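Analysis of the macromolecular model
The residues making up each chain are set out below.
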Amino acid sequence: MDYNHIKAIHIIFVVSWFAGLFYLPRLFVYHTEANTKPELERDIIQEQFKKMEKVLFNAIMVPAMWLTLISGATLVYWSWWDSFAQHGWLHLKLSFVVGLLIYHFLCRKIIFELRESKFRFTSFQLRLYNEVATIFLFAIVFLVILKNTIDWIWGVVGLLVFAVLIMTAVKIAKSLREKKK
């Protein structure tokens, strides 16, 4: 295998890992919102969410994470190892990858809490939590493409402004729906 094969594998598994990181917290939202259902319906729905969360995490996210890390480490070794100290953007990118790993394992912690019917977060808080992976994605992609430690800030700032606008719109829509009831 050459560099381009490893790079292709890396991109494929990054996409797979992020798909799980985007979808799992959405399942947490639905799992939490099921608490408002009648008991029988709630129990059936929550059991299904427990299964879905477990399979998504163990069968998709964990293998994708490991293959992302292995292929990424291979790319770093092949491309930048001799001049690693000179690539500040790469150091920052790897810091974001560490943050992403922390986020990944925090998702695992939430899975275990939900299995025990411990609902520490509201569905709104989990909706916000769901956006964390998007922030990591923006920061990492801007760093990789632009290869500098400044331009990624503008991408993340733009994303945060967009997220605030979307969340404000969601809150307004929710309050309007509640007023109509």
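Whatever comes next refers back to the structure up there.
Our subject in this report is the structure included herewith.

Procedures and definitions
- Residues numbered from 1 in each chain as written.
- Predicted model: local features only at pLDDT ≥ 70, side-chain atom pairs only at ≥ 80, totals over all residues.
- Heavy atoms only, no water.
- Helix = DSSP H or I, 4+ residues; strand = E, 2+ residues; numbered from the N terminus.
- 1 Å grid on protein atoms, 1.4 Å probe; cavity = no way out; pocket = protein on both sides within 12 Å on 5 of 7 lines; lining within 4 Å.
- Points joined across faces, edges and corners; volume = space filled by probe spheres on them.
- Core = buried A, V, L, I, M, F, W, Y, C linked by side-chain atoms within 4.5 Å.
- Buried < 20%, exposed > 50% of the residue type's maximum accessible area, 1.4 Å probe, protein only.
- Contact = heavy atoms within 4.5 Å.
- Salt bridge = Lys/Arg side-chain N within 4 Å of Asp/Glu carboxyl O.
- Phe/Tyr/Trp six-rings, centres within 6.5 Å; stacked < 30°, edge-to-face > 60°.
- Lys NZ or Arg CZ within 6 Å of the ring centre and 35° of its normal.
- Axes fitted to C-alpha atoms, helices over the stretch in contact; angles between N-to-C directions.
- Parallel < 35°, antiparallel > 145°, perpendicular 65-115°, else oblique.
- Left-handed = near helix turned anticlockwise from the far one by under 90°.
- Nonpolar A, V, L, I, M, F, W, Y, C, P; charged D, E, K, R; others polar.
- Polar contact = N/O pair within 3.5 Å; in protein donor to acceptor, adjacent residues only side chain to side chain.

With that settled, consider unusual backbone geometry. We note that S117 has phi near 60°; this positive angle belongs to a residue other than glycine. Turning to its location among the elements, S117 is positioned in the loop between α3 (88–115) and α4 (123–130).

This part is about the layout of surface pockets. The computed volume of the largest pocket comes to approximately 680 Å³. In terms of lining, the largest pocket is formed by 29 residues, of which the most central are H10, V14, K93, I140 and V144. At the level of elements, α1 (3–33), α2 (39–80), α3 and α5 (132–146) are the ones that each hand at least two residues to the lining of the largest pocket.

We now examine the nonpolar core. Soluble globular proteins: nonpolar side chains tend toward being buried together. With 33 residues, the main nonpolar core has W17, L21, L24, F28, M61, L100 and Y103 as its most contacted residues. Within the residue set of this core, elements represented by two or more residues are α1, α2, α3, α4 and α5. At ten residues, the largest contribution of residues to this core is made by α3. Excluding anything up to four places from it in sequence, F28 contacts E53, C107, I110, I111, L114 and L126.

Our focus in this paragraph is the pattern of salt bridges. Per the counting criterion, the structure on display carries five salt bridges. Across the salt bridge formed by K50 and E47, the nearest N and O atoms sit 3.2 Å from each other. Within this pair, K50 and its partner E47 are both found in helix α2, separated by three residues, close to a single helical turn. The partner of R120 in a salt bridge is E113, and the shortest N-O contact between them spans 3.0 Å. Taking relative accessible area as the criterion, R120 reaches 49% and is therefore assigned partly exposed. Counted as one network, the salt bridges with shared partners bring together K109, E113 and R120.

Glancing now at the packing of aromatic side chains. The geometry of an aromatic ring pair is captured by the separation of the ring centres together with the interplanar angle, meaning the angle of the planes. If you walk through the whole model with that rule in mind, you get seven aromatic pairs. With a centroid separation of 5.7 Å and an interplanar angle of 40°, the aromatic rings of F18 and F22 are classed as tilted. Taken together, the positions of F18 and F22, both in helix α1 and four residues apart, correspond to about one turn of that helix. Its relative accessible area of 29% is what places F22 among the partly exposed residues. Between the aromatic rings of F138 and F142, the centroid separation amounts to 6.2 Å while the plane-to-plane angle is 25°, which identifies the pairing as stacked. In this pair, F138 and F142 both sit in helix α5, four residues apart, roughly one turn of the helix. For F138, a relative accessible area of 31% translates into the label partly exposed. Within the aromatic cluster, the residues linked to one another by ring pairs are F96, Y103, Y129 and F136. Sitting over the face of the ring of W89, K147 holds its NZ or CZ atom 4.9 Å from the ring centroid. Against the face of F124 rests K171, its NZ or CZ located 4.8 Å from the ring centre.

Turning our eyes to something else, we now look at the packing of α2 against α3. What describes two packed helices is the angle between their axes and the distance between those same axes. In the contact formed by α2 and α3, the axes pass within 11 Å of each other and the chain directions differ by 165°. One way to sum up the angle between α2 and α3 is to call them roughly antiparallel. For α2 against α3, the interelement crossing comes out left-handed. Across the interface between the two elements, K50, E53, K54, F57, M61, V62, M65, L69, V76 and W80 of α2 pack against W89, L90, V97, L101, H104, F105, R108, I111, L114 and R115 of α3. Broken down by class, the residue content of the contact of α2 with α3 amounts to 14 nonpolar, one polar and five charged.

Our next topic: the side chain of H31. By the secondary structure assignment, H31 is in helix α1. According to the relative accessible area criterion, H31 is buried, its value standing at 0%. Side chain to side chain, H31 and E53 meet in a polar contact 2.9 Å long. If near-sequence neighbours (up to four positions away) are discounted, H31 is found in contact with Q46, F49, K50, E53, L114 and F119.

Everything listed here is a matter of coordinates, which is why it stays silent on function.
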